Amino acid sequence: MTVQVPRGGRVLFIGDSITDADRDRTDGADLGHGYAMMAAAWFTAAQPAHRVTFLNRGIGGDRVRDLRARWDDDCLALAPQVVSVLIGINDTWRRYDHDDPTGVEEFERDYRHVLTVTRDRLDAALILMEPFLIPLDDKQRAWREDLDPKVEVVRRLAADFDATLVAVDAAFAAADTDDRVWTDDGVHLTPSGHALLAQHWLRAIVPDTTATA
């Protein structure tokens, strides 16, 4: 299922540091240096007359509970026509580096909440991106025990909310190359990793040439 982006519409990228990508948070229009910027640039280069506004509200370190806490200001108040969410790796990572886990039930409850209020208050299409891990050693491979159930939650929520799923975790798992092409630490992406992410995201959208936001 692809999302139709209306002419003159607003597309919001929201999530954690992978979306944040060192954006200037004092500039509401700054897209950072990662997949959000790349996807917006490629879409606009292909559809310059479509006049889409792209917004980035990623914040490094966020978990789904943090996303829920700022959803009113960083999503609903912006009234986007397309909402793209990438969240979840920190819900796993904090278990292993700070002994501060996020249970699957809590993860699903908070994620489901933000999707429900978005459906109820906005006329917006949803894009859900799988949280992902590109493990570089056996220690990180053990994180899959925690992450895999959260990936399944995102897949289930995509079905429940008629959202478009971008199968990021599956894409990196299927990429037949040295994992360090994509990441230096198993989580954060190199420019090539961001480019691959942007390419998969762009396959989820098409311009709607009939609708005007």
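The structure this text deals with has already been given above.
Residues numbered from 1 in each chain as written. Predicted model: local features only at pLDDT ≥ 70, side-chain atom pairs only at ≥ 80, totals over all residues. Heavy atoms only, no water.

Visitor: Quick question: what am I supposed to make of the nonpolar core here?
Guide: In summary, soluble globular proteins display a tendency toward joint burial of nonpolar side chains. Counting 39 residues, the largest nonpolar core has Ile18, Phe54, Met129, Phe132, Phe172, Leu197 and Trp201 as its most contacted members. Examining the composition of this core, we find that six residues originate from one element, helix α2 (residues 35-46), more than from any other. In this structure, Cys75, Leu76, Tyr111 and Ala163 belong to the second largest nonpolar core, which totals 25 residues. (Core = buried A, V, L, I, M, F, W, Y, C linked by side-chain atoms within 4.5 Å. Buried < 20%, exposed > 50% of the residue type's maximum accessible area, 1.4 Å probe, protein only. Helix = DSSP H or I, 4+ residues; strand = E, 2+ residues; numbered from the N terminus.)

Visitor: What's the story with empty space enclosed by the protein in this structure? I'm lost.
Guide: With a probe scaled to a water molecule rolled over the atoms, the places where space remains empty come into view. Taken as a whole and judged by the stated rule, the model has one cavity of 30 Å³ or more. When its volume is computed, the largest cavity comes out at roughly 30 Å³. Lining the largest cavity, in full, are Asp16, Ile18, Leu86, Ile87, Gly88, Ile89, Glu130, Pro131 and Phe132. Considered class by class, the residues forming the lining of the largest cavity number six nonpolar, one polar and two charged. (1 Å grid on protein atoms, 1.4 Å probe; cavity = no way out; pocket = protein on both sides within 12 Å on 5 of 7 lines; lining within 4 Å. Points joined across faces, edges and corners; volume = space filled by probe spheres on them. Nonpolar A, V, L, I, M, F, W, Y, C, P; charged D, E, K, R; others polar.)

Visitor: What exactly am I supposed to notice about the side chain of aspartate 20 here?
Guide: As for its placement among the helices and strands, aspartate 20 is situated in helix α1 (residues 17-20). In terms of polar contacts, aspartate 20 uses its side chain to reach the side chain of arginine 25, at 2.6 Å. Apart from the residues within four sequence positions on either side, aspartate 20 is in contact with Arg25, Leu31, Gly32, Asn56, Gly58, Ile59 and Gly60. (Polar contact = N/O pair within 3.5 Å; in protein donor to acceptor, adjacent residues only side chain to side chain. Contact = heavy atoms within 4.5 Å.)

Visitor: Hey, could you run me through the layout of surface pockets in this one?
Guide: Estimates place the volume of the largest pocket at around 200 Å³. Taken together, 13 residues form the lining of the largest pocket, with Val3, Gln4, Gln81, Ala124 and Ala125 sitting closest to its centre. Looking at the lining of the largest pocket, the elements that each hand over two or more residues are β1 (3-7) and β5 (125-129). Residue contributions to the lining of the largest pocket peak at three residues, all from β1. Split into classes, the residues belonging to the lining of the largest pocket amount to six nonpolar, four polar and three charged.

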